[in-house]
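One letter stands for each residue in the lines below.
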Amino acid sequence: MMQIPDSHNQKKSLFNTMNRFIVAVNNMDQTVMVPSLLRDVPLDDAEALKGGGTAAADGRPYFQPDRDMYSSYVRLKSIRNDIEWGVLQGDERRRERAEVSRLEEDDLEKQFHFHLSGLNTVLSKLTHKADTLTSRYKEEIGCRN
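Residues numbered from 1 in each chain as written. Predicted model: local features only at pLDDT ≥ 70, side-chain atom pairs only at ≥ 80, totals over all residues. Heavy atoms only, no water.

I'm lost on the nonpolar core in this one. Help?
Side chains of a nonpolar character, in soluble globular proteins, are inclined to be buried together. The biggest cluster of nonpolar side chains holds 17 residues, and the ones touching the most others in it are Phe 21, Met 28, Val 32, Leu 38, Met 69, Leu 76 and Leu 133. For this core, the elements supplying multiple residues, two or more each, are helix H2 (14-31), helix H4 (69-85) and helix H6 (108-141). Contact partners of Met 69, with chain neighbours within four places excluded, come to Leu 38, Val 41, Pro 42, Leu 43, Leu 133, Arg 136 and Tyr 137. (Core = buried A, V, L, I, M, F, W, Y, C linked by side-chain atoms within 4.5 Å. Buried < 20%, exposed > 50% of the residue type's maximum accessible area, 1.4 Å probe, protein only. Helix = DSSP H or I, 4+ residues; strand = E, 2+ residues; numbered from the N terminus. Contact = heavy atoms within 4.5 Å.)

Sorry if this is basic, but what is going on with the environment of Thr 121 here?
Tracing the backbone shows Thr 121 in helix H6. By relative accessible area, which is 39% here, Thr 121 ends up partly exposed. Between the alpha carbons of Thr 121 and Thr 17 there is a distance of 8.8 Å; along the sequence they are 104 residues apart.

When you look at the confidence of the model for the chain in this model, what are you seeing that I'm missing?
Atomic detail in the predicted coordinates should be set aside for any region of low pLDDT. Confidence along the chain averages 76 in pLDDT terms, with 63% of residues attaining 70 or more. Taking the mean pLDDT of every element in the chain, the minimum, 43, falls on helix H3 (residues 46-49) and the maximum, 94, on H2. Counting interchain partners and residues more than four positions distant, the pLDDT-below-50 stretch residues 46-54 has 11 contacts. (pLDDT = per-residue confidence, 0-100.)

Would you mind going over unusual backbone geometry with me for this structure?
Among all residues except glycine, the phi angle is most often negative; among peptide bonds, the trans geometry is most common. Look at Asp 40: it is not a glycine, yet its phi comes out positive at around 60 degrees. Mapped onto the fold, Asp 40 is located in the loop between H2 and H3. Classification of Asp 40 as exposed rests on a relative accessible area of 69%.

Explain the packing of H4 against H6 to me, please; I cannot follow it from the model alone.
Running from N to C, H4 and H6 cross one another at 135 degrees; their axes reach a closest spacing of 10 Å. Of the possible angle classes, the one that applies to H4 and H6 is oblique. Crossing of H4 over H6 shows left-handed handedness. Along the contact surface, H4 presents Met 69, Ser 72, Tyr 73, Arg 75, Leu 76, Ile 79 and Ile 83, while H6 presents Leu 123, Leu 126, Lys 129, Ala 130, Leu 133, Arg 136 and Tyr 137. Partitioned by chemical class, the residues of the contact of H4 with H6 number 10 nonpolar, one polar and three charged. (Axes fitted to C-alpha atoms, helices over the stretch in contact; angles between N-to-C directions. Parallel < 35°, antiparallel > 145°, perpendicular 65-115°, else oblique. Left-handed = near helix turned anticlockwise from the far one by under 90°. Nonpolar A, V, L, I, M, F, W, Y, C, P; charged D, E, K, R; others polar.)

Explanation requested: H2 in the structure shown.
Given 3.6 residues per turn, any residue in an α-helix points the same way as the ones three and four places further on. Between its first and last C-alpha, H2 extends 26 Å over 18 residues, near the 26 Å set by a 1.5 Å rise per residue. Among the residues of H2, those classed as buried are Thr 17, Phe 21, Ile 22, Ala 24, Val 25, Met 28 and Thr 31. At its buried positions, H2 is contacted by H4 and H6. (Expected span 1.5 Å × (residues − 1).)

What is the right way to look at the packing of aromatic side chains in this model?
Geometrically, a pair of aromatic rings is defined through the distance of the ring centres and the angle of the planes. On inspection of all chains with the given rule, the structure shows one aromatic pair. Its guanidinium or amino end placed over the ring of Tyr 70, Arg 39 lies 3.9 Å from that ring's centre, counting from NZ or CZ. (Phe/Tyr/Trp six-rings, centres within 6.5 Å; stacked < 30°, edge-to-face > 60°. Lys NZ or Arg CZ within 6 Å of the ring centre and 35° of its normal.)

What's the story with the packing of H2 against H4 in this structure? I'm lost.
When two helices pack together, their arrangement is given by the angle between the helix axes and by the axis-to-axis distance. Here H2 crosses H4 at 135 degrees, and the two axes come no closer than 10 Å. Taken together, the axes of H2 and H4 are oblique relative to one another. For the pair H2 and H4, the sense of crossing is left-handed. Along its contact with H2, which presents Met 18, Phe 21, Ile 22, Val 25, Asn 26, Met 28 and Asp 29, the element H4 presents Tyr 73, Leu 76, Lys 77, Ile 79, Arg 80, Ile 83 and Glu 84.

Written out as structure tokens, the structure is:
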């Protein structure tokens, strides 16, 4: 079977970004044996404030300061399930879709690239969040790799 070498663009593809996120969340899910231990454990963003790489480009931390590790854990798993199984469509989503369909055809390619770029960025941040939560959980239970 012929393999196509990964180029820089392939590494930035939506499929690869989604796959990295799903792998990170699956790793988090396998590592966190007792999710209830995550309740009321704050996510320390001190590294983000020191420039440790966990802050967004605009300087804001990825994690909400008022959230605990458990809520992040549940949210990340929910997003993974939405990616793998699809999102249930509500009335609000149908209205949004109807508004988008009214836009002119020549804007569709521009919109596609805008949303594709945004989705890649968001998934990369969520992947980092899952990896950080996994590391923090390991620290909390005293298991270091």
